[in-house]
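# Understanding the architecture of this molecule
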Amino acid sequence: MKYCNRCVMPDTKPDLFIDEEGVCNACRSFEQREVVDWNVRREELTKILDKYRSKNGTNWDCIIPVSGGKDRYCVCCNWG
Ligand SMILES: [Zn+2]
């Protein structure tokens, strides 16, 4: 079993891959946050929200972020 040099997560964790420098994909994604175009991400999020937003404004809109357990997963960074 290998461990990430930075966060010590083991490579037995599902969807975690350790590169040739011994750093996992989650840590690499963390590095990428500086180069992410957050304005584009905001537009993508707004489109998703528009799809589910109350059409006539008669109901409250509510977002429920969910995390935890083995089913959590982040599509932007593959961290779960
Ligand atoms: Zn790591």
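Structural data are supplied above this passage.
How each quantity is defined
Residues numbered from 1 in each chain as written. Predicted model: local features only at pLDDT ≥ 70, side-chain atom pairs only at ≥ 80, totals over all residues. Heavy atoms only, no water. Helix = DSSP H or I, 4+ residues; strand = E, 2+ residues; numbered from the N terminus. Expected span 1.5 Å × (residues − 1). Polar contact = N/O pair within 3.5 Å; in protein donor to acceptor, adjacent residues only side chain to side chain. Donors = N, O, S within 2.8 Å, 3.2 Å for Na, K, Ca; no water. Tetrahedral: all angles 85-135°; square planar, octahedral: opposite > 155°, others 65-115°. Buried < 20%, exposed > 50% of the residue type's maximum accessible area, 1.4 Å probe, protein only. Salt bridge = Lys/Arg side-chain N within 4 Å of Asp/Glu carboxyl O.

## Here's the deal with helix α2 (residues 38–52)
For α2, which comprises 15 residues, the first-to-last C-alpha distance of 21 Å matches the rise-based estimate of 21 Å (1.5 Å per residue) to within 8%. The residue sitting at the N-terminus of α2 and contributing the capping side-chain oxygen is Asp 37; that oxygen lies 3.1 Å from the backbone nitrogen of Asn 39.

## Let's talk about the coordination of the zinc ion
Distances from the zinc ion to its protein donors, namely Cys 4 (SG), Cys 7 (SG), Cys 24 (SG) and Cys 27 (SG), fall within the range 2.3 to 2.4 Å. Of note is the zinc ion, whose four donor atoms meet at the metal with angles of 106 to 112° in an arrangement that counts as tetrahedral. The sequence motif formed by the donor residues of the zinc ion is C-x2-C-x16-C-x2-C. Of this pair, Cys 4 sits in the segment before α1 (25–32) while Cys 27 is found in helix α1, placing the two residues 23 residues apart along the sequence. Cys 27 shares its class with Cys 4; the two are buried.

## Looking at the pattern of salt bridges
Note that side chains of opposite charge can pair when their charged atoms are close. One pass over the structure, following the stated rule, counts five salt bridges. Two residues, Arg 28 and Asp 19, come together in a salt bridge whose shortest N-O distance is 2.7 Å. Its relative accessible area of 22% is what places Arg 28 among the partly exposed residues. Taking relative accessible area as the criterion, Asp 19 reaches 21% and is therefore assigned partly exposed. A salt bridge links Glu 31 to Arg 28; the nearest nitrogen and oxygen atoms lie 3.1 Å apart. Linking Glu 31 with Arg 28, this pair stays in helix α1, spanning three residues, or about one helical turn. For Glu 31, a relative accessible area of 33% corresponds to the partly exposed category. Three or more residues are tied together by salt bridges with common partners; here these are Arg 6, Asp 19, Glu 21, Arg 28 and Glu 31.

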